[in-house]
Amino acid sequence: MCTVCGCGDAKVEGHGNDHSHDHHHEHGHDHHHHGTHGDIHYGHGPAGVAVPGMSQERLIEIETGILAKNDRYAAENRAFLKGRGVFAVNLVSSPGSGKTTLLCRTIETLGDQPLAVIEGDQQTAHDADRIRATGAPAVQVNTGKGCHLDGHMVGHAMDHLDLARDSLLFIENVGNLVCPAGFDLGEDCKVAILSVTEGEDKPLKYPDMFTASRLALLNKVDLAPHCDVDLDLYEENLRRVNPGIEILRISARTGEGMQDWLTWLHARLAEKTHRPQAAE
């Protein structure tokens, strides 16, 4: 959780709005657990994390306060999106999974479907520029030292987007398989993107992210023959941590599985707007 990540300020690119996002820290020493081989486990307490000099009770108190404040912003975002019939997807992954490439391919393939994008990165507007090159409106949110987007940042970003009714909103979160799992942005669901190059054990190492996600996109499947990976084992591990997760195998480069991904998006948008799904 972000009790230990040192999140700093965020800035919505192009608008000069600084949004404070302070996480306070205390220092000292705390207990931890050792495995049979001397392995050290810091996440076994009630808070799931350890900070030197801070009790588990104090950690829970701080995290509860942070998340409660975030949840209020997220609830406002969710109400706004519901009122406009906008289906919002929070795209989460580690860096290098292919989120932006996949998103560009998705936008191009969706054609005239109304949509908008919020791009989250610590620095630069490179990804937002790539999105804008497709013709889609995009707002860049630079989080500075922050490792994730939060409800407050997304709300400010939406202020700068003219979201059409019955449209899609893609929120590309900061590349990070830890902190974004715990922060509600007001989205309809999280979609985790997992590159086949990352290793079949990623869902087991970072279970919170995949537990929080409704759909997993197993990306770059065109590279699978060259990486000695087991795609069935990827899916098995995903379902070990989240038995209900939906999984699609795709390649943004070759287009494999893209139609299944678009069909999934159209179906969720139809559910949100209570309209019949358009024929594919």
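Remember, it's a predicted structure, so these values are computed and weren't measured experimentally.

Reading guide: rules and limits
- Note on numbering: residues in each chain are counted from 1, in written sequence order.
- pLDDT decides what is reported in this predicted model: residues at 70 or higher carry local features, side-chain atom pairs at 80 or more are listed and counted, and totals for whole chains, interfaces and linings draw on all residues regardless.
- Side-chain measures were taken over the full set of non-hydrogen atoms in the model, leaving aside hydrogen atoms and water.
- Each helix is a run of DSSP H or I of at least 4 residues and each strand a run of E of at least 2, with the numbering of both proceeding from the N terminus.
- When a residue's accessible area, from a 1.4 Å probe over protein chains only, is under 20% of the maximum for its type it is buried; when over 50% it is exposed; and in between it is partly exposed.
- Should any heavy atoms of two residues lie within 4.5 Å, those residues are counted as being in contact.
- Only the protein chains shown count as cover for residues, and the accessible areas themselves come from Shrake-Rupley with a 1.4 Å probe.
- Note on aromatic contacts: the rings of Phe and Tyr and the six-membered ring of Trp form a pair at centre separations within 6.5 Å, being stacked when their planes are under 30 degrees apart, edge-to-face when over 60 apart, and tilted otherwise.
- Polar contact is the term for a pair of N or O atoms within 3.5 Å; when the atoms are in protein, one must be able to donate a hydrogen and the other to accept it, and sequence-neighboring residues count only if both atoms are side-chain atoms.
- Residues counted as positive are Lys and Arg, residues counted as negative are Asp and Glu, and His and the chain ends are not counted.
- Within this document, salt bridges are pairs made up of a side-chain nitrogen of Lys or Arg and a carboxyl oxygen of Asp or Glu, the two lying within 4 Å of each other.
- Grouping buried Ala, Val, Leu, Ile, Met, Phe, Trp, Tyr and Cys residues that are joined through side-chain atoms within 4.5 Å yields what is termed a nonpolar core.
- Fitting a line to C-alpha atoms yields each axis, with helices limited to the stretch in contact; the angle taken between N-to-C directions then spans 0 to 180 degrees.
- When describing relative orientation, an angle under 35 degrees is termed roughly parallel and one over 145 degrees roughly antiparallel, while 65 to 115 degrees is termed roughly perpendicular and anything else oblique.
- Only Asp, Glu, Lys and Arg are considered charged, only Ala, Val, Leu, Ile, Met, Phe, Trp, Tyr, Cys and Pro nonpolar, and every remaining residue, Gly among them, polar.
- Two strands are counted as paired when DSSP detects at least two bridges linking them.

(A) View of the overall build of the protein. Helix and strand counts for the protein come out as 9 helices and 11 strands. The 280 residues of the protein split such that 50% are buried. A fraction of 69% describes how many contacts in the protein between residues 6 or more apart in sequence connect residues 24 or more apart. Carbon together with sulfur atoms contributes 49% to the accessible area of the protein, which is approximately 13,200 Å² in total.

(B) Seen up close, the packing of aromatic side chains. All told, the structure shown has 2 aromatic pairs when counted by the stated rule. Between Phe87 and Trp264 the ring centres are 6.2 Å apart and the planes differ by 65 degrees, which places this aromatic pair in the edge-to-face class. Highlighted residues: Phe87 in strand S5 (residues 87-92) and Trp264 in helix H9 (residues 258-273), separated in sequence by 177 residues. For the pair Phe87 and Trp264, one class covers both residues: buried.

(C) Structural detail: the side chain of Lys190. Take Lys190: it is sitting in strand S9 (residues 189-195). A polar contact of 2.9 Å, which involves the side chain of Lys190, links it to the side chain of Glu187. Excluding residues that lie within four positions of it along the chain, Lys190 makes contacts with Asn90, Val92, Pro180, Ala181, Phe183, Ala212, Ser213, Arg214 and Leu215.

(D) Spatial organisation of the side chain of Lys99. Counting through the fold element by element, Lys99 comes out in helix H2 (residues 99-110). The buried charged residue Lys99 lacks any salt bridge partner; its closest oppositely charged side chain belongs to Glu172, at an N-O distance of 4.2 Å.

(E) Quick peek at helix H4 (residues 151-159). Residues Gly151, Met153, Val154, Gly155, Ala157 and Met158 constitute the buried set of H4. Of the residues flanking the start of H4, the one acting as N-cap is Asp150, its side-chain oxygen 3.1 Å from the backbone nitrogen of His152.

(F) How the structure looks around the pattern of salt bridges. Within the structure shown, the criterion is met by 12 salt bridges. For Lys272, the salt bridge identified is with Asp188, shortest N-O distance 2.9 Å. Note that Lys272 is positioned in helix H9 and Asp188 in the loop between strand S8 (168-172) and S9, a separation of 84 residues in sequence. Classification of Asp188 by relative accessible area gives partly exposed; the value is 34%. In this structure, Arg268 and Glu271 form a salt bridge, with 2.9 Å as the shortest nitrogen-oxygen distance. Here Arg268 pairs with Glu271, and both are found in helix H9, just 3 residues apart, close to one helical turn. Take Glu271: its relative accessible area is 45%, and that puts it in the partly exposed class. Among the charged side chains, a salt-bridge network with shared partners connects Asp232, Glu235, Arg239 and Arg249.

(G) View of the nonpolar core. Judged by nonpolar contacts, the single largest core of 29 residues is most densely connected at Phe170, Val191, Leu217, Trp261 and Trp264. Other than its neighbours up to four places away in sequence, Trp264 contacts Phe87, Cys189, Val191, Arg214, Leu215, Glu246 and Leu248. Among the nonpolar cores identified, the runner-up in size contains 18 residues, and Leu194, Leu238, Ile245 and Ile247 belong to it.

(H) Quick peek at the packing of H2 against H9. Between H2 and H9, the shortest axis-to-axis distance is 11 Å and the interhelical angle comes to 70 degrees. In terms of orientation, H2 lies roughly perpendicular with respect to H9. For the pair H2 and H9, the contacting residues are Leu102, Arg105, Thr106, Thr109 and Leu110 in the first and Met258, Trp261, Leu262, Leu265 and His266 in the second. Here the contact of H2 with H9 is composed, by residue class, of 6 nonpolar, 3 polar and 1 charged.

(I) Quick peek at the pairing of S5. Counting buried positions along S5 gives 6 out of 6 residues, so the element sits mostly inside the fold. Residues Phe87, Val89 and Leu91 line one face of S5 and the alternating positions Ala88, Asn90 and Val92 line the opposite face, and both faces are buried. Here 5 bridges tie S5 to S8, and the two strands are oriented parallel to one another. Looking at the pairing, Leu91 lines up with Glu172 of S8. Pairing of S5 with S9, which is carried by 4 bridges, proceeds in the parallel orientation. Of the residues in S9, the one forming a bridge with Val89 is Cys189.

(J) Examining unusual backbone geometry more closely. One non-glycine residue, Asp166, adopts positive backbone phi at about 55 degrees. For Asp166, the location among the structural elements is in the loop between H4 and S8. Residue classification places Asp166 among the partly exposed positions, given a relative accessible area of 21%. Unlike most non-glycine residues, Asp228 shows phi in positive territory, near 55 degrees. Within the element layout of this structure, Asp228 appears in the loop between helix H7 (224-227) and helix H8 (231-241).

Spatial relationships are all this shows, so hold off on functional conclusions.
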